Structure formats: C-alpha cells, structure tokens
Amino acid sequence: MDKQAVPPETKETKNNKEWSDKLTKYAAWGTGIYFLILAGLLFGRYDQLWTKNINELGDFLAGAFGPVAFLWLVIGYLMQHSELRLNRVSIERQAEELSLSRVSLEKQVSELEYTRLAYENQMAEFKRNVDISNESLKETIAYRKKIEEEEALKIRPFFNIDNVKYIGDSPLLEKITFEISNYKNEVYELDIRSDEGELLTKSISVIGKGDDPKEVAIYKKIDLIIDVNSEKHIKVMNFSLNYVDGSYKKHNVRCSIKCYLNDGDTRYYAVIYEFGRIGEPSLNNKVS
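For this particular structure, what's the right way to read the overall build of the protein chain?
If you tally the helices and strands in the protein chain, you get 3 helices and 8 strands. Beginning at the N terminus, the succession of helices and strands in the protein chain can be written as α-α-α-β-β-β-β-β-β-β-β. Buried positions account for 24% of the 288 residues belonging to the protein chain. A sequence separation of at least 24 residues applies to 51% of the contacts in the protein chain between residues at least 6 apart.

What exactly am I supposed to notice about a nonpolar patch on the surface here?
Where nonpolar side chains cluster on the molecular surface, the patch consists of W19, F70, L73, V74, Y77 and L78 and spans about 620 Å² of accessible area. Here the nonpolar patch takes 5 residues from helix α3 (residues 54-154), the largest share from any one element. A residue is classified by how much of its surface remains accessible, and L78, at 34% relative accessible area, is partly exposed.

Where do I start with the pattern of salt bridges in this structure?
Taken as a whole, this structure holds 9 salt bridges when the rule is applied. The partner of R102 in a salt bridge is E106, and the shortest N-O contact between them spans 2.8 Å. Remark: E106 and R102 occur in helix α3; sequence separation between them is 4 residues, near one turn of the helix. A salt bridge links R116 to E120; the shortest N-O distance between them is 2.5 Å. Here the residue R116 and the residue E120 both occupy positions in helix α3, the gap between them amounting to 4 residues, near one helical turn.

How should the packing of aromatic side chains be read in this particular structure?
Centre distance and the angle of the planes are the two values used to describe a pair of aromatic rings. Enumeration over the complete set of coordinates arrives at 3 aromatic pairs. Measuring from ring centre to ring centre gives 5.2 Å for Y166 and Y268, while their planes differ by 20 degrees; the resulting arrangement is stacked. In this pair, Y166 sits in strand β1 (residues 159-170) while Y268 sits in strand β8 (residues 265-272), placing the two residues 102 residues apart along the sequence. Residue classification places Y268 among the buried positions, given a relative accessible area of 8%. Between the aromatic rings of F178 and F239, the centroid separation amounts to 5.9 Å while the plane-to-plane angle is 20 degrees, which identifies the pairing as stacked. One end of the pair, F178, is in strand β2 (residues 173-182); the other, F239, is in strand β6 (residues 233-244), with 61 residues separating them in the sequence.

How should the environment of N252 be read in this particular structure?
By the element assignment, N252 lies in strand β7 (residues 250-262). Put simply, N252 and L241 are 11 residues apart on the chain and 5.7 Å apart in space, counted from C-alpha to C-alpha. Those residues in contact with N252 that lie beyond four places of it in its chain are S240, L241, N242 and E274. Reaching out from N252, the side chain makes a polar contact with the side chain of N242 at a distance of 2.7 Å.

Just to check I follow, could you spell out the nonpolar core for this structure?
A general trend in soluble globular proteins is that nonpolar side chains are found buried together. The biggest cluster of nonpolar side chains holds 27 residues, and the ones touching the most others in it are F178, I180, F239, L241 and I257. Counting only elements with at least two residues in this core, the list comes to β1, β2, β3 (187-193), β4 (204-207), β5 (214-221), β6, β7 and β8. The greatest single-element share of this core, amounting to 5 residues, is contributed by β6.

Any chance you could explain the side chain of S194 here in plain terms?
Secondary-structure assignment places S194 in the loop between β3 and β4. Relative accessible area serves as the criterion here: at 5%, S194 is assigned to the buried category. Residue contacts for S194: discarding those within four places in its chain leaves L200 and N238.

Before we go on, may I ask you to explain unusual backbone geometry in this structure?
Excluding glycine, most residues fall at negative phi; most peptide bonds, likewise, are trans. Residue N163 is not a glycine yet carries a positive backbone phi of 55 degrees. Inspection of the secondary structure puts N163 in strand β1. Within the chain, E189 stands out as a residue other than glycine whose phi angle is a positive 50 degrees. Within the secondary structure, E189 is located in strand β3.

Reading the values: the criteria
Residues numbered from 1 in each chain as written. Predicted model: local features only at pLDDT ≥ 70, side-chain atom pairs only at ≥ 80, totals over all residues. Heavy atoms only, no water. Helix = DSSP H or I, 4+ residues; strand = E, 2+ residues; numbered from the N terminus. Buried < 20%, exposed > 50% of the residue type's maximum accessible area, 1.4 Å probe, protein only. Contact = heavy atoms within 4.5 Å. Patch = residues over 30% accessible without salt bridge, like charges linked within 9 Å, V, L, I, M, F, W, Y side chains within 5 Å. Areas by Shrake-Rupley, 256 points an atom, 1.4 Å probe, with all protein chains shown as cover. Salt bridge = Lys/Arg side-chain N within 4 Å of Asp/Glu carboxyl O. Phe/Tyr/Trp six-rings, centres within 6.5 Å; stacked < 30°, edge-to-face > 60°. Polar contact = N/O pair within 3.5 Å; in protein donor to acceptor, adjacent residues only side chain to side chain. Core = buried A, V, L, I, M, F, W, Y, C linked by side-chain atoms within 4.5 Å.

If you want it as structure tokens, here you go:
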C-alpha cells in the first residue's frame, strides 16, 4: 500500500504501535541481560544468601529488583503518555468531524427551508390556477345557462284558455269545458292532469301557432271547499298542462279555473300561472 494513501490517524497509530513494540522489546532484552549479569555476580555465592537474616535478604532483593522496577515504570509512563497523546489527537479530529457534520446539517436545513419555500410557492401558484379555473368554469356555466334559457325561450309556447263554462251534471260530478290555444311554438302530447297526477283529458298530439283552439272537457268529482275572498273570487279547481317541447323536454304549467261574482251572476275563467295570458271573466261564461 502506498504510504501517501494511508490516512494520517492510521499512520500515527501504526507508528505508535511500532514504537511501543520496540520499547517493550528493548526493555525485555535489557531486563534479561540485567538478570544474567546479576546471576553471574551471584554465581558461587548462593549459600551466602541463605545465611543472611530476613532484613539483609530483603535489602538485597530490593536493591537487585529496584532498577528493573524503575525501568518498567519509566517504560509504562512513556507508553501511557504516547497513548494519551493519540487520544487527544483523536478527540481533536472527532471535534473537527463534528464541526464538519454541523456545517453539513446546517446546509441540509438551509436546503430543506429552500425546498419548503419552493413548495409553498408552488401551492400558492396552484391555488391561483384553481381560482382562475373556478372563475372560468363559473363564467362558462353562466354563459351556457344563458344560452339554454335563450334556446328555451325560442321554443316556449304561449297558451290561452278561453270560453270557460261550468256545468253541474249531477250532485256528485261537475263538468268544466274551455278552449285552449297556443300562440307561439308548437308543443306535443299536451294533456291536463290534476294535482294528484290524475289524467283528466285525452292528450292533444300537437298544438301550435295558427291551429284552431282545441275544446277540452273536464269531469271532476265535487270534493272541493269553495271559499270566497275579499275580492269575491272563488277558486274552483287546480290543474296542470303537461307537454313536450321542440327539444323533447317535458314541462308542467300550473293553471286554475276561477269564478267571479258580478251582481249575483257567476262568471268563470282560467288563470295560467307560469306563462300565458290571464283570461278575463266573460258575460257569455255563465253557470249553466
């Protein structure tokens, strides 16, 4: 491996290990040589050691092993000092790495803040686009509604009911006859129904501008309470005109047959509520 490619901390650790190994090796060799010299000096004098008293023997051993102990004490101090120095360098490098990590985290936080602002801008732009789309949709719906109303107005009929007559045929049944005309666009399948949906007449297949008035007769049971209001108008019955227009749409127009008291005489006429002419009481429409 190229020495320049080895990281500084790995190189220092390796050098420290090599130095520690050499120091331990030299100390071991020195200790061995010292004990050999000591053994040579004591050669032939071992019997004198056993004749010494305890105090003298202790002094001898302390003097003999003192240099070795001091040597290993110095070696241990040097090795510990080297390890502490490496630990200090390692801690300093960890502090540098933490500082770099802090800078990197601050950069990431800045990037996240930029991303958040960009997202908020995108959401604001999206909301503006949605608002614009909603306004455009509302305008389109309003325009289409206006067009539909105009188209419906073009094909709308204009009904008129005239010559209303009331005939009491029996105590339980009443008959109302009238003529219906349409002064505008043709309608189809025109019939008359009660409020309950009961079919009161046959369907008129088609009626429109220029057609002769169609005569209609309605038979109805006498089951209504007739009240006279302050204007002396008496409501006789309600019904509806149901038809299909030129665009094949079904419609329902509310109507009423009413009567008017005039000098004791009762005059009948029809009222069309949605569109059509309101009939006026006629002297010829007396009760029969």
